[in-house]
Structure formats: C-alpha cells, structure tokens
Amino acid sequence: MTLPNPMPLLEANPIVPVVVIEDVKDAVPTAQALLEGGISCAEVTFRTAAAPAALEAMAQVEGMTVGAGTVLNGEQARQAVDCGAQFIVSPGFHPSIVEDLTVPFLPGIANATDIMAVLEYGVETVKFFPAVPMGGLPVLNALAAPFPQLKFLPTGGIGPKNLAEWISHPKIVSVGGSWMVTKQMIAAGEFDAITELSRQALQMVQEAGK
Ligand code: 3PG
C-alpha cells in the first residue's frame, strides 16, 4: 500500500485553514472568502453534523482544494472522500484511516512513538499537533533530529504573532490554523474579515520567503 504524497499539495498551499462549519449555508461563502484572500485550500473539520455536506459544497467551488480534518477512523475517511475530500487530516493516527485511502493523509503526531507508528505506513509528512501547547519550535526541532526525512504541517496555537517564525522553518512546508476563519467570523457572516485576514497571512508567508 502506497499512500499518495501530500507534498505537492502543501507546497502549493503554505497556509491550510482549519474550518469548522456549523451551518451548511456558510460553506460556499467561506470558500469564496478564502479564495478572494488568495487561499485556495482548506481543511473542513469533521466535528459538526454539517461537515460532510459543507465539504461537498466547498469542494465544488472552482479553484478550491478541500480536505477533511479531525478524521478519527476509516469510516469517516471514506465518507470524506465520497464527499470530495482531496486530502485527510487527523489529530492523531488510526490504521483504519489508511486502508485503501486514495488521497494524501496527514496524521497528527506529538512525540517519537507517534512518528514511528506512521513511518510504518510510509508517511513522511505529518501534522505537528497541538503545535504551540506541545512546546512549539523547540519540540519540533527535537523531534525532527532523529527523523530527518520528516516534513511538518504544524497546527494549534499559530496566528499572526508567530506565523513568520513557524513558516520560516526549513522542515515546515505549510502551517494550519483557524485564526483567519474562526467559527465566530463564520457565524457572524464576517466574510470580508476572512478575506482580509487570509490576505494578511499570505503576505506574511511571502515576506518570510516561502
Ligand atoms: C484545530 O484542530 O482546532 C486546529 O489545530 C486549529 O488550531 P487553532 O484554532 O489554534 O488554529
């Protein structure tokens, strides 16, 4: 079993917004707001009842690459792919997720044992989660040392104040986060704010040279 490589997707998308949709009517406007801000990729978290329909709606927005996040098992992974998910993200790892998976997978890791479990499946690009609460860049550096082949998508606690230092790191391909598309902004219909914060995030990435 060889899983598709997530690197081309991440290299094209230095920011991966973590999107929580409570009401499916907000899905397309959220995708459009991100696109207008220059972000053409998003992770729709499978934490709400609306998630599968939201993913399906966002996946149909032209120019948008949509994946599923918070995927906890193989059943959810299959449902997400059926809804149009082009990649799967999990806060951790469960072997059922990778069974017959046809899209790239980013498992969450927080320690060396987690990493060794996913290396068994040929996974070399991982989500470092929760990045800041786990100890931030010093911990990422310490984990990267014995596993030089790994590339990271850190998520959890990243925002405008620390984005530059995270995205500048040579082992980090992309960063994930919800700061440019919070639940509150979506619920309040603040789509202009989503566009503006997305623009600012991309500008910071460019200034950091990624
Ligand atoms: C999550 O799964 O909620 C993500 O890690 C987002 O984290 P953030 O809200 O701290 O960006």
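Higher on the page you've got the structure.
A quick note: this is a predicted structure, and the numbers were derived from the prediction, not measured.

Definitions and limits used
Residues numbered from 1 in each chain as written. Predicted model: local features only at pLDDT ≥ 70, side-chain atom pairs only at ≥ 80, totals over all residues. Heavy atoms only, no water. Helix = DSSP H or I, 4+ residues; strand = E, 2+ residues; numbered from the N terminus. Buried < 20%, exposed > 50% of the residue type's maximum accessible area, 1.4 Å probe, protein only. Contact = heavy atoms within 4.5 Å. Areas by Shrake-Rupley, 256 points an atom, 1.4 Å probe, with all protein chains shown as cover. Lys, Arg positive; Asp, Glu negative; His and termini not counted. Charge placed at Lys NZ, Arg CZ, Asp CG, Glu CD. Salt bridge = Lys/Arg side-chain N within 4 Å of Asp/Glu carboxyl O. Near = heavy atom within 4 Å. Polar contact = N/O pair within 3.5 Å; in protein donor to acceptor, adjacent residues only side chain to side chain. Nonpolar A, V, L, I, M, F, W, Y, C, P; charged D, E, K, R; others polar. Pairing = 2+ DSSP bridges. Core = buried A, V, L, I, M, F, W, Y, C linked by side-chain atoms within 4.5 Å. Expected span 1.5 Å × (residues − 1). Arc of directions from axis to C-beta.

## Quick word on the overall build of the chain
Moving on, step 1. A tally of regular secondary structure across the chain gives ten helices and nine strands.
Moving on, step 2. Of all 210 residues assigned to the chain, the portion counted as buried reaches 53%.
Moving on, step 3. A separation threshold of at least 6 residues defines the contact pool for the chain, and within that pool the share at least 24 residues apart is 58%.
Moving on, step 4. Entry remark: accessible area of the chain is about 9,000 Å², with carbon and sulfur atoms responsible for 53%.
Moving on, step 5. If you average the places of the 10 positive and of the 20 negative side-chain charges in the chain, the two averages end up 7 Å apart.

## Looking at the pattern of salt bridges
Moving on, step 1. The final tally for this structure, using the stated rule, is two salt bridges.
Moving on, step 2. Between Arg-199 and Glu-196 there is a salt bridge whose closest N-O contact spans 3.7 Å. With Arg-199 and Glu-196 both in helix 10 (residues 191-207) and three residues apart, the pair spans about one turn of that helix.
Moving on, step 3. A residue is classified by how much of its surface remains accessible, and Glu-196, at 37% relative accessible area, is partly exposed.

## Section: the site of the ligand
Moving on, step 1. Taken together, Arg-47, Phe-129, Thr-155, Gly-156, Gly-157, Gly-177 and Ser-178 make up all the residues around the ligand.
Moving on, step 2. Measuring from an oxygen atom of the ligand, one finds a side-chain N or O atom of Ser-178 at 2.5 Å.
Moving on, step 3. Burial of the ligand by the protein chains amounts to 77% of its free accessible area of 310 Å².
Moving on, step 4. Classifying every residue of the shell around the ligand by side-chain character gives one nonpolar, five polar and one charged.

## A closer look at the side chain of Lys-127
Moving on, step 1. With respect to the helices and strands, Lys-127 occurs in strand 7 (residues 125-128).
Moving on, step 2. In contact with Lys-127, not counting residues within four places along its chain, are Glu-43, Val-89, Ser-90, Pro-91, Leu-106, Pro-107, Gly-108, Ile-109, Leu-153 and Thr-155.

## Here's the deal with the environment of Trp-179
Moving on, step 1. Mapped onto the secondary structure, Trp-179 falls in the loop between strand 9 (175-177) and helix 9 (183-187).
Moving on, step 2. Remark: the alpha-carbon pair of Trp-179 and Asn-13, spanning 166 residues in sequence, is separated by 16 Å.

## Description of the sheet that holds strand 6 (residues 108-109)
Moving on, step 1. Read from one edge of the open sheet, three strands run 6-7-8, paired in parallel fashion. The open sheet has two edge strands, strand 6 and strand 8 (151-154), and neither has a second partner.
Moving on, step 2. Bridging between strand 6 and strand 7 involves two bridges; their strand directions are parallel. In the sheet register, Ile-109 faces strand 7, and the bridge partner there is Phe-128.

## A few points about the nonpolar core
Moving on, step 1. Ranked by size, the top nonpolar core spans 61 residues in total, and within it Ile-15 and Ile-88 carry the most contacts.
Moving on, step 2. In terms of residues, this core owes the most to one element, helix 10, which gives five residues.
Moving on, step 3. Beyond its immediate stretch of four places on either side in the chain, Ile-15 contacts Ile-39, Cys-41, Leu-163, Val-175, Trp-179, Met-180, Ala-201, Leu-202 and Val-205.
Moving on, step 4. Core analysis: the second largest hydrophobic core is formed by ten residues, Met-7, Leu-9, Val-16 and Val-89 among them.

## Overview of unusual backbone geometry
Moving on, step 1. Each neighbour pair has its own omega, and for Phe-129 with Pro-130 the value is -10 degrees, a cis peptide bond.
Moving on, step 2. Even without being a glycine, Thr-70 presents a positive backbone phi close to 55 degrees.
Moving on, step 3. Its place among the elements puts Thr-70 in the loop between strand 3 (65-69) and helix 4 (74-82).
Moving on, step 4. We classify Thr-70 as buried; its relative accessible area is 14%.
Moving on, step 5. Unusually for a residue other than glycine, Asp-100 sits at a positive phi of about 55 degrees.
Moving on, step 6. Relative to the helices and strands, Asp-100 is located in the loop between helix 5 (95-98) and strand 5 (105-106).

## Thoughts on helix 10
Moving on, step 1. Helix length check: helix 10, at 17 residues, gives a terminal C-alpha distance of 24 Å against a target of 24 Å (1.5 Å per residue), a fit within 8%.
Moving on, step 2. Turning to helix 10, its buried residues are Phe-191, Ile-194, Thr-195, Ser-198, Ala-201, Leu-202 and Val-205. Take helix 10 and look down its axis: the buried residues cluster within an arc of 130 degrees, on one side only. Of the exposed residues in helix 10, those oriented more than 90 degrees away from the buried face are Asp-192 and Glu-207.
Moving on, step 3. In this fold, the buried residues of helix 10 make contact with strand 1 (15-19), helix 2 (27-36), helix 8 (163-168) and helix 9.
Moving on, step 4. Phi turns positive one or two residues past the end of helix 10, at Gly-209, with a value near 85 degrees.

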